[in-house]
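Okay, here's what each chain looks like letter by letter:
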Amino acid sequence: MHDDRNLVESRLKRVLEERIRPAVYPESVPLEVSIWTAPDEPVPVAEGLAAPRTPIATGARWGAPWGTSWLTVSGTVPDAWAGRTVEALIDLGFDANMPGFQCEGLVYRPDGTPVKGLNPRNQWVRIAAPAVGGEEVLLHVEAASNPVILDYHPFLPTGLGDKETAGERPQYRLERIDLAVFDEAVWQLVVDLEVLGELMAELPVEGARRWEILRAVERALDAVDLQDVNGTAAVARRELEAVLASPAEPSAHLISAVGHAHIDSAWLWPLRETVRKVARTTANMTALLEDEPDFVFTMSQAQQYAWIKEHRPEVYARVKKAVAQGRFVPAGGMWVESDTNMPGSEAMARQFVHGKRFFLEEFGIENEEAWLPDTFGFAGGLPQIIKAAGSTRLLTQKISWSRVNTFPHHTFLWEGIDGTRIFTHFPPVDTYNCSMQGEEIAHAARNFKEKGRARRSLAPTGWGDGGGGTTREMVAKAARLRNLEGSARVRWERPAEFFAKAEREYPDPPVWTGELYLELHRATLTSQARTKQGNRASENLLREAELWCATAAVRARLPYPYEELDRIWKTVLLHQFHDILPGSSIAWVHREAERTYAAVTEELAAITARAQRALAGEGDGTVVFNAAPHERGGVPAGGARPAAPAAGGCTVEARPDGGHLLDNGLLQVAVDARGLVVSVLDRASGREALAPGAAANMLQIHPDFPTMWDAWDVDSFYRNTVTDLTALDSLEVAASGPEAVAVRATRTFGSSRAVQTVTLTAGSGRLDLDTEVDWHETEKFLKAAFPLDVRTDRYAAETQFGHLYRPTHTNTSWEAAKFEACNHRFVHLEEPGWGVALVTASTYGHDVTRTVRPEDGGTTTTARVSLLRAPRFPDPHTDQGLHRFRHALVPGADVGAAVREGYRIGLPERRVPGAAEVAPLITLDDDAVVVSAVKLADDRSGDVVVRLYESCGGRARVRVAPGFEYARVDRCDLLERPTGEGATELRLRPFELVTLRFAVEGGGGEPG
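Attention here is on the structure that accompanies the text. (Residues numbered from 1 in each chain as written. Predicted model: local features only at pLDDT ≥ 70, side-chain atom pairs only at ≥ 80, totals over all residues. Heavy atoms only, no water.)

### Some words on the overall build of the protein chain
Across its full length, the protein chain holds 19 helices and 53 strands. Over its C-alpha trace the protein chain gives a radius of gyration of 31 Å, about what one expects of a compact globule, namely 30 Å for 1008 residues. Counting only residues that meet the buried cut, the protein chain has 62% of its 1008 residues in that class. Across the protein chain, the fraction of contacts at a sequence separation of at least 24, relative to all contacts at a separation of at least 6, is 75%. Taken as a whole, the protein chain presents about 35900 Å² of accessible surface, with 49% of it coming from carbon and sulfur. Averaging the positions of the 110 positive and the 139 negative side-chain charges in the protein chain gives two centres separated by 2 Å. (Helix = DSSP H or I, 4+ residues; strand = E, 2+ residues; numbered from the N terminus. Rg over C-alpha atoms; globule rule 2.2 N^0.38 Å. Buried < 20%, exposed > 50% of the residue type's maximum accessible area, 1.4 Å probe, protein only. Contact = heavy atoms within 4.5 Å. Areas by Shrake-Rupley, 256 points an atom, 1.4 Å probe, with all protein chains shown as cover. Lys, Arg positive; Asp, Glu negative; His and termini not counted. Charge placed at Lys NZ, Arg CZ, Asp CG, Glu CD.)

Right, dumping it as C-alpha cells:
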C-alpha cells in the first residue's frame, strides 16, 4: 500500500481548522454592547452594575493597563432558534495562546449573580438549552484589562508591571460578541478528531493501531460534506466509533486526572487581581462540576478560599456546596503555595497551621498531602514539618525543570534531615497545566520512571498560572481517553484517591535523602532584597511578639492579642508565596510588599512594646529583654534583667600600611589600607581564619544576563568575569570606645556606592560586618567574599529546624549544579576541632568554592554571600536604591555557636525602662536544643505552647523547665492537637522537632 499518511494528516489539520471547528457555531447574530470604565481601582459589583454605559462597537479599543471596564451585552434570541442550544460568545480581544496572562472577565446576571469567567480558552456563556424564541438576553461582564507582561518575545523590560508606569494606552480590541447556536454534534466531532489525531501522532508508524486510526479518520473526513458540516457531523462520528471503542492494553499506564488551576497568588499581576482571578476560575469550575458528573476539581491555598469568602460570597457558597459533595477538593493544607527554601522554621510550620486549620474550620476536611507543583525546590527540613502537621504526602512538578540532571524518580520516599520520610510524587506529565493533549498523555506514559514497579501517575489538568482551570473540551477528551487503545487510561480522581492507590501498588519505593534542589531559578534567593529583608524581619518580630505577649499574659495577666497575631501571620505567610518572596513578581507586587512589611513592623513593634512595658515594671533603670534562644550577656533566653554595666576591652590601632588593627581579647582583626579584612585571628586557638594573602569582606561584581528568566536565574557562566571592588574613597575609624571599635570604608563603583563597616564588640567572638549599598547598576550581581583557611569536603547551611550539608567540590554534575544555594542564618565550615561560621541577618543566596594554594599546598575555601542583583524583567528597576546588610564572621565556631550567633544577629536585645527581672516561661538545660516558639494556644484556652528542636544534628537529652504552674503537658502536632502524653524530660533524635502544650489552670490571660 502506498504511504499516504502525511496526506491524510495534513487534510485532517486543514479540514478541522477551516471547516469543522467554525461549524460548531453555524448561526450567529451580533449582541449590542455598552461600556463603563472604572476611573481607578475595581469597584464593588453593585456599583459596576449600576454605572452608566456608553455604546461601544466590536473592533473598538478598550482597557488601559490594569483597568476595569464593565460591559453590558444584550439581545434577543431569534424565533428560528427555538428549541436549539444558544450561547453568547464574548471575545474581549483574547489571544488563545495566553490563557491567564491577559484580559479576563467575570459574567454576571442582572441581579449580580456571577455566572462564569471568560478567558482565551473559555469564551462561551450558555444562554439556554433549549432556547425560547424571542427570549431577552442581558449579561454584564466585569472585564479586567491586565496587560501582557510575558509576551512572545519574553523577558523584555517593560513598564507595564506597575500601574504607576504602565500608561493609559488601551491594551485590547473587542472582537466577536455574538449570540450563536451551539451545535453539539459538531463539537463532539471536533473532540473525536482531536483526540484521535493527537493519539495517532504519538503512535509508532510501524504499528497497526496508528494506521487503523488513520483510515478511520480518512473515512470520517470523506463522510463530512464541507458545504454541510452540521448536517453530516453525526454520520462522520459513526465512522470513528470503532476506533474510539477499542480498549486500552491491560498494561496501559494509569493517569489520575484532577481538575486544577494553578493560580499564582501574585506574579505578573498584583494581589488584588488574584482575588478576581480566583473568583473567575472558581465560578467556572463550579459551573463545570454541575455539567460534568465525573469531573473532580482541586484547589490549594487557603488564602484563595478566604479571598472568595470575603470578596465573592455568592461564588464561595457554590464552592462550599461542591466541597460538601466531594467534587471540589481543597488540597495541600497550606496558607499559600509558598517558597520552601527561604521561609524560616516557624513560618514554614505556620503555613500548614493556618492552611489546615482553615480547611478544617470551613469544610471539616484535613488533607494528607502537601500540594506544591510550582515551588522552586524543597528544603531538607520540609518532610518533618509536613508530618508534624498531620500530613504524609507531597506533590510537586517543578523539579522536572532542572537543567542539568534528570531526577531519577517520579514516585518515591523523600527523607528529610531528621529521617522523616514523605511519600512523594512528581507527575511525569511534566506540567501542572495539563490540557489532555495526546502529546502530554503519551509523554506521561513514556516518561514515567517507575515502570515495572508502579503503573499510575497524576495529571493536574487545567489552565493555570493566571487561572482559568479545566475546560469542557478537556473533560470531553478525558472521557475518550478513559479506555482507549494506544493511550494511557485516564480517570478523574481526587488527590487522596490517587495517593492511596499509588501507595498500595508501590509499598517499597526508592528513597531520596536531603533537599530537592532545583537546578534552575537559583537567583530567586537574591532578587528583590527588600522583600527578603521584610520577610526575615517580620519572622523575627513575630517570634518576639508571641514570646513577650505570652510571658505578659502569664506573668501580668495582660490580654493576649490573638486576632492581631493571627492576621499578621497570615499577611506574612501570603508574602512567602513562591513568586513574592523569591522576587520574581512585577514591580507593583514588590512595591506593595515593601509597604506591607513596614506596616507589619510598626504594628508588631507596638504589640511587643506593650507586653514588655507590662513586664518591665516601675523604676528608673533599664531592663534588657533577650528573645534569642540562648543566654546573652547574663540575660537568660526568653527572659529579661536589669541592665548590667557594659563590658570593655576593645582597642583600635593604626597599622603602618595605613590600615587598622582591631582587638577585643577574643579576636584580632586587621583591616588594610584598602578597607579590606586581611586577618582574623582567633586568640583562643591561635588560628588564623583567613587564607594567606587573601582579603575578606571583599565586594565582587559580576555581569548577570542569564539566557532567560531574568529575575529567576543566574547561569554558571556569570563566574567567568569578576571584578574585585578594591578602589577606596575613604577609610576611617567609626568607633573607638572600650565597648566597641569599628572601621568604615567607603568605595564607589559604576553608578553605585558602598559603605562597609567592620565592628568588634567587647566580649564577642564574632566580627560584625555592616554593608550599605546605594545600588544603581543593571544586570550585575554583587557578592561579598570570605576566603577561609579551611579544608573541608562539605559545609553546613541552616534550613528549617536544623541544617543540611552540601559539598564544596564538584565531583559530579549533581554537585556542580549547586553553584548557588540557600541558607537561613548561617553557613558553617569546619575541619576537625575548628570551624568558622558566616552568619547572615537577611540574605539567603550564597556559594562555596575551594582551591588548593600552589604556594603552601593549603586549601582556601571561599564562602560568598549574595547581596544584590539587577535584573530588568519583570521589574525593570529591581533593587535600585539604598540597602543595608548585616553579616558576621565567627572564627573558632562549632555548629552550636553558628546556631547561637545566627539567632542573635536577628534578635537584638531590647532595652525598656523599668527595674523588674523577668524569668523565662521556659528554660532548657541543653544549648543544642533550641526553642523556636513560645506562645499561647490558638484555641484561646490560655495554654502555653512551646516548640523546640535539636539544632546541632546530634542526640540530645534535655529537661524542659516551665516557669509557671501547669496542670499537665501534652505532646502535640503543629496544630496544637495532642498526639500523646507529654513529658518535660525529652530524648531527641538529630534535628527532631517537638511541640509541647502546657495546660495552665485559669488560663494565660484574656484575649486581646
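Picking up where we left off.
### Here we look at the sheet that holds strand E45 (residues 910–913)
Strand order in the open sheet formed by three strands is E24-E23-E45, and the pairing between neighbours is antiparallel. Taken across any chain shown, the strands that pair with only one partner, and hence form the sheet edges, are strand E24 (639–642) and E45. The average undirected angle you get between the axes of adjacent strands in this sheet is 30 degrees. Two elements, strand E23 (residues 622–626) and E45, share four bridges in a ladder whose sense is antiparallel. By the bridge assignment, Val-624 is partnered in E45 with Arg-911. Contacts from helix H17 (residues 587–616) reach E23 and E45 within the one sheet, and its direction differs from that of E45 by about 55 degrees. (Pairing = 2+ DSSP bridges. Axes fitted to C-alpha atoms, helices over the stretch in contact; angles between N-to-C directions.)

### Some thoughts on the nonpolar core
Phe-328 and Leu-948 are the most contacted members of the largest nonpolar core, which totals 242 residues. Once you skip the residues sitting within four places of it in the chain, Leu-948 turns out to touch Leu-924, Val-929, Val-930, Val-931, Ser-932, Val-960, Leu-986, Leu-988, Glu-992, Leu-993, Val-994 and Leu-996. (Core = buried A, V, L, I, M, F, W, Y, C linked by side-chain atoms within 4.5 Å.)

### A look at the pattern of salt bridges
Per the counting criterion, the structure on display carries 86 salt bridges. A salt bridge links Arg-910 to Glu-544; its shortest N-O distance comes to 2.8 Å. Highlighted residues: Arg-910 in strand E45 and Glu-544 in helix H15 (residues 529–556), separated in sequence by 366 residues. Owing to a relative accessible area of 1%, Glu-544 belongs among the buried residues under this scheme. Notably, a salt bridge pairs Asp-938 with Lys-935, separated by 2.7 Å at the nearest N-O pair. If you follow the salt bridges from partner to partner, you end up with Asp-40, Glu-41, Glu-104, Glu-142, Lys-163, Arg-272, Glu-273, Arg-276, Lys-277, Arg-280 and Arg-312 in one network. (Salt bridge = Lys/Arg side-chain N within 4 Å of Asp/Glu carboxyl O.)

### A word on the packing of helix H3 (residues 184–202) against helix H4 (residues 208–223)
Two quantities define a packed helix pair, namely the angle between the helix axes and the distance between the axes. Where H3 contacts H4, the axes come no closer than 9 Å and their chain directions differ by 145 degrees. You can see that H3 and H4 cross each other, and the crossing is left-handed. Together, Leu-193, Leu-196, Leu-199, Met-200 and Ala-201 of H3 and Arg-209, Arg-210, Ile-213, Leu-214 and Val-217 of H4 make up the contact between the two elements. (Left-handed = near helix turned anticlockwise from the far one by under 90°.)

### Brief notes about the sheet that holds strand E12 (residues 177–181)
Ordered in space as E1-E12-E6-E9, the four strands form an open sheet in which the pairing is antiparallel. At either margin of the open sheet sits one strand with a lone partner, and together these are strand E1 (28–30) and strand E9 (124–128). Sheet twist, expressed as the average angle between the axes of neighbouring strands with direction ignored, equals 25 degrees. With three bridges connecting them, E1 and E12 associate as antiparallel partners.

### Section: the layout of surface pockets
Of the volumes computed, that of the largest pocket is approximately 1400 Å³. Surrounding the largest pocket, 39 residues form its lining, Arg-21, Arg-121, Val-190, Glu-194 and Glu-473 being those nearest its centre. A total of nine residues in the lining of the largest pocket trace back to one element, the largest contributor, which is H3. Roughly 1100 Å³ of volume is contained in the second largest pocket. Residue lining of the second largest pocket: 34 residues in total, with Arg-632, Thr-761, Ala-762, Glu-909 and Arg-911 positioned closest to the centre. Class assignment for the residues of the lining of the second largest pocket results in twelve nonpolar, nine polar and 13 charged. (1 Å grid on protein atoms, 1.4 Å probe; cavity = no way out; pocket = protein on both sides within 12 Å on 5 of 7 lines; lining within 4 Å. Points joined across faces, edges and corners; volume = space filled by probe spheres on them. Nonpolar A, V, L, I, M, F, W, Y, C, P; charged D, E, K, R; others polar.)

### So, the side chain of Arg-869
Within the secondary structure, Arg-869 is located in strand E43 (residues 859–869). Under the relative-accessibility criterion, Arg-869 is labelled buried at 0%. In terms of polar contacts, Arg-869 uses its side chain to reach the side chain of Asp-704, at 2.8 Å. Side-chain polar atoms of Arg-869 contact the backbone oxygen of Asp-710, separated by 2.9 Å. (Polar contact = N/O pair within 3.5 Å; in protein donor to acceptor, adjacent residues only side chain to side chain.)

### Notes on the environment of Glu-473
Its location among the elements puts Glu-473 in helix H13 (residues 472–480). Spatially, the C-alpha atom of Glu-473 lies 8.7 Å from that of Ser-435, the residues being 38 residues apart in sequence.

### Quick notes on helix H19 (residues 895–906)
The first and last C-alpha atoms of H19 sit 17 Å apart over twelve residues, in line with the 16 Å expected at 1.5 Å per residue. For H19, the buried fraction is high: ten of the twelve residues fall into the buried class. Every buried residue of H19 is accounted for by Val-895, Ala-897, Ala-898, Val-899, Glu-901, Gly-902, Tyr-903, Arg-904, Ile-905 and Gly-906. (Expected span 1.5 Å × (residues − 1).)

### Re empty space enclosed by the protein
According to the stated counting rule, one finds nine cavities of 30 Å³ or more in the structure shown. Taken as a whole, the largest cavity holds about 220 Å³ of empty space. In this structure, the largest cavity is lined by 20 residues; those nearest its centre are Gly-344, Ser-345, Glu-346, Glu-539 and Arg-825. Per-element tally for the lining of the largest cavity: the top contributor is H15, with six residues. The residue inventory of the lining of the largest cavity, partitioned by class, reads eight nonpolar, five polar and seven charged. Taken as a whole, the second largest cavity encloses approximately 140 Å³ of empty space. Lining of the second largest cavity is provided by 19 residues; of these, Asn-341, Phe-376, Tyr-517, Leu-518 and Leu-525 occupy positions nearest its centre. Split by residue class, the lining of the second largest cavity holds ten nonpolar, four polar and five charged.

Keep in mind these values describe shape, not function.
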